[in-house]
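Observations on the model geometry
Chain by chain, the residues run as shown.
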Amino acid sequence: MVTLKDYDYHVKPDWCPGCGNFSQWTAIKGALVELGIEPHNVVIVSGIGCSSNMPEYIRAYGFHGLHGRPLPVASGIKFTNSKLTVIAYGGDGDGYYEGLNHLYHTAKRNVDVKYIVSDNEVFGLTTGQASPTAPLGFVSKTTPPPEGSLEVPVNPLTLALTAGATFVARGYSGEIKHLQSLIVEALKHKGFALIDVLSPCVTWNKIATYEYYRERVYKLQGNDVTNFDNAYKLATESSDKIPIGIFYKVEKPTYNDIDPVLKQGPLTEKNVEIKKDILEEFY
Amino acid sequence: MKKDFVIRIGGAAGDGVQSSGILLAKTFTRHGLHIFGYNYYQDLIRGGNSWYQIRVSDKKVKNQGDGLDILVALNEDSLNRHTDPNINEGGASYLKGIAIFDESIKNYEKRDFVKYLPSPLSSISSKISKNPLLKNTVALGMVIAALDLDIEILVSAIATVFKGKSSDENIEAARQGYNYYMANFEKIGTLPRNGKKKLLMGGGEAVGLGAAVGGIKAYVAYPMTPASSTLHWLASHSKELNIFIKVPEDEISAINTVIGMNYAGIRAMTGSSGGGYDLMHEGIGLASMLEVPVVIYESQRAGPSTGLPTKTEQGDLMMIINSSHGDYPRAVIAPGDVEEAYYYTREALNLADKYQMPVIVVSDLYLSERIESLDDLSLEFNIDRGMIAKENIENFLRYEYTENGISPRAFPGMRGLMHNEDSDEHDERGDVVSDIITDPIKRKLSVEKRMRKLETLKNNLPPFKTYRIEDAEIVLVQWGSTKGVVEEAADILREEGIKAGVLEVKYIFPFNTVDFITKTKGKKIIVVENNYSGQLSGLIKMFTGLDTLKINKYNGEAFYPNEIVNEFKKIGGA
């Protein structure tokens, strides 16, 4: 039986006390244990940023790559060995600025990787500059007052829906059990899953705090997760009431299911056989 | 008697210049003859001036060749252009031989060194079919007759290339062209017919085949000329070879995807030209830091920026050797011809796995888009996956500080070997030493461990390949695609009494300094390169301290043998 201890690594997180990433750390490990997935079959791939240090703190296979690029790496791993559980992980700067095009295309392809984004609306590791999800008017070192941020924030959920993601959810770091249940559902889902996690940055973001979210967050219940229009509408709800939960979930073939080579099984188990007649076409 | 002929088919884009050239080449190799084919074209789909040159001989031909014996002109512009003594085609010779063209072309300047053969190409073809390209095949039939070759072999080549009705029409066109020539003109030479059939292969195809035999299970790449010929060949063989092909959203995605694939336990490759490769730099550094093997195929074209998308240059060498920030190990290999493109690509895959570092195979348009005849290729190959750990090791050290720098890999899915591979500096276990407390001692050890792999590789490099160098006083040094043309330049110089030889740099980085100094000792060194600044020449100075003379060409076209000889004389090489 798999227990939390199996995922326990001797290196411990160095996030600020109270950081929302701790809840995600707990919820990810909890979800893997809940589903009885063994650590050697798990790969956690991340980009760069505070949250992206995650694979350093979990006893599984970890890949801490480049800023904005966890999804291509995760896709490569899943294309190679479909038996693995592949979790891509990073922050909003990593996934919605630097690597946004990968999100669109990975969702569109329905690659069976689970993408969890710790969304705190700032660049934490580089001292709190406004990120692509920072609200209009957000003041930071790079967006000075009085104007603050001049850009309309990215809405990751509508973007993922538009791209064709088959599983779109939003979690909140202040609700660990709920978050864990979302991750469990994402892991059970066959196909690409995005979980955007509202995650307070206790050091740099004095607006989107635990208190702020506590007053606004509510859990979705009884929504028809197969209804695209409804999911889209929920994803654009105003900031006074912030729904968390599964917005959208449908079954579609994954990229590994439809590719003529990949659908025959993991590439790791295949031997490419070169027949002598390969040279015939050259005569 | 002359046994070496240069044939050029000239026309506009969309005229079927290239496909006619390849069909003719196949006919030659099926006769057992040797060929070299080179495509001169522009970045457009219709119009302009393009031509395909084939050199054919009963002996191995190493380049597209000086001189021009047969011109097939598909339009008036081509007829005038290729008979002009002031020809401006980047080094190609003007015609001193026969010109085959449609009799409707009347308006051309007559040269006394050209034998004009106006022929009813269009009227023959229009009686067979409405397809305007059929007249090309009529002309090919005439070329076969001019060289005293077997029309039945052209017929068999047509039957392979075309299918159904189109095949029948082309065969008829070829026969009528052949008969027309036989009835009206004299042959210009005789080539032997009974040699053993040769392989006909393109440089890009050879890289693809080398990759397949080298054990890749995936090729992930974004299209870019002239690297696309490899992607196309692999894609068209994907199902038969069971190789996964993916065109991702960009080259950044391509390199990161193949790094993920190699990390997960298979051989996967990517490729591009300079512009796409530029986008991969950060990923190449990542692979080196994580010690994930990856082979990248870089086929250069004339730059910078978009440059000349359909023209050749060797301008990326310094960029490739210096890809990505940081001080890290990588290997750079430059095959010199089609055969080497095959053998060195598969060898690169072994090197990458063995040394767990990025290996870049450098080609260029001149090599990737040429065709050559080959006697044979060996499909025998030992795939060496390098050092892989056994499952369930307590305290597994992914980056163990070993003497040769190489440490055991472990793939996700293997039991008891879980570890983290990190773009941050890390220790033997893979744990980061850059965050909470920077550990200068471990940082130093980790850098040295990675760099030791480069030393190990350097100590195991093969000696440089050479050509007629033993008694040479002049050493022409070349790298990559210019191998054959530089070898022929040395032959010409020797015929003129100058003792020239060639040193061929295939493993460019790391560089075998000792062997280079030994082989060039007491000889004058001239570095021949398809670039302006003499990038290899600069590297030689850096690696060996030796000064060299330089011969450079950077007008977008490949070298011709006599061009090198003339340049040699200009710089006072003798």
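Residues numbered from 1 in each chain as written. Chains lettered and ligands numbered in written order. Predicted model: local features only at pLDDT ≥ 70, side-chain atom pairs only at ≥ 80, totals over all residues.

Regarding the domain arrangement of chain B
Residues and elements named next belong to chain B. For chain B, the domain assignment lists domain 1 (4-197), domain 2 (201-374), domain 3 (387-460) and domain 4 (465-570). A separation of 34 Å is found between the C-alpha centroids of domain 1 and domain 4. Between domain 1 and domain 4, the residue contacts involve seven residues of the former and 13 residues of the latter. Of the residues in the side of domain 1 that touches domain 4, the class split is one nonpolar, four polar and two charged. (Domains from an automatic or database assignment. Contact = placed C-beta atoms within 7 Å. Nonpolar A, V, L, I, M, F, W, Y, C, P; charged D, E, K, R; others polar.)

As for the pairing of strand 20 (residues 524-529) of chain B
All names here are of chain B. With five of six residues buried, strand 20 is to be regarded as a mostly interior element. Bridge count between strand 17 (residues 474-479) and strand 20: four bridges; the pairing is parallel. Among the inter-strand pairings, Val-475 is bridged to a residue of strand 20, identified as Ile-525. Here strand 20 pairs with strand 21 (residues 549-552) via four bridges, running parallel. By the bridge assignment for strand 21, Glu-529 is matched with Asn-552. Handedness of the crossover joining strand 20 and strand 21 through helix 19 (residues 535-544): right-handed. (Buried ≥ 20, exposed ≤ 12 C-beta atoms within 10 Å, placed from the backbone. Helix = DSSP H or I, 4+ residues; strand = E, 2+ residues; numbered from the N terminus. Pairing = 2+ DSSP bridges. Right-handed = clockwise from strand over helix to strand, strands pointing away.)

Points about the packing of helix 7 (residues 203-213) of chain B against helix 14 (residues 338-355) of chain B
Residues and elements named next belong to chain B. Contact pair helix 7 / helix 14: the axes reach a minimum separation of 7 Å and the direction vectors enclose 30°. As far as their axial angle goes, helix 14 and helix 7 are roughly parallel. In the packing of helix 7 onto helix 14, the handedness of the crossing is right-handed. Between helix 7 and helix 14, the contacting residues are Gly-203, Ala-206, Val-207, Leu-209, Gly-210, Ala-211 and Val-213 on the first element and Val-338, Ala-341, Tyr-342, Tyr-343, Thr-345 and Arg-346 on the second. Looking at side-chain class alone, the contact of helix 7 with helix 14 contains nine nonpolar, three polar and one charged residues. (Axes fitted to C-alpha atoms, helices over the stretch in contact; angles between N-to-C directions. Parallel < 35°, antiparallel > 145°, perpendicular 65-115°, else oblique. Left-handed = near helix turned anticlockwise from the far one by under 90°.)

Here's the deal with the sheet that holds strand 9 (residues 244-246) of chain B
Residues and elements named next belong to chain B. The strand order across the open sheet built from seven strands is 9-8-10-11-13-12-19, with neighbouring strands paired in mixed fashion. On the outer flanks of this sheet lie strand 9 and strand 19 (507-509), each paired with one strand and no other. On average, adjacent strands in this sheet sit at an angle of 25° to one another, irrespective of strand direction. Note: strand 8 (residues 216-220) against strand 9, three bridges, orientation parallel. Within the sheet, the bridge partner assigned to Ala-218 lies in strand 9 and is Phe-244. On the sheet, helix 14 packs against strand 8, strand 10 (267-272), strand 11 (294-300), strand 12 (331-333) and strand 13 (358-364) and is oriented at approximately 165° with respect to strand 13.

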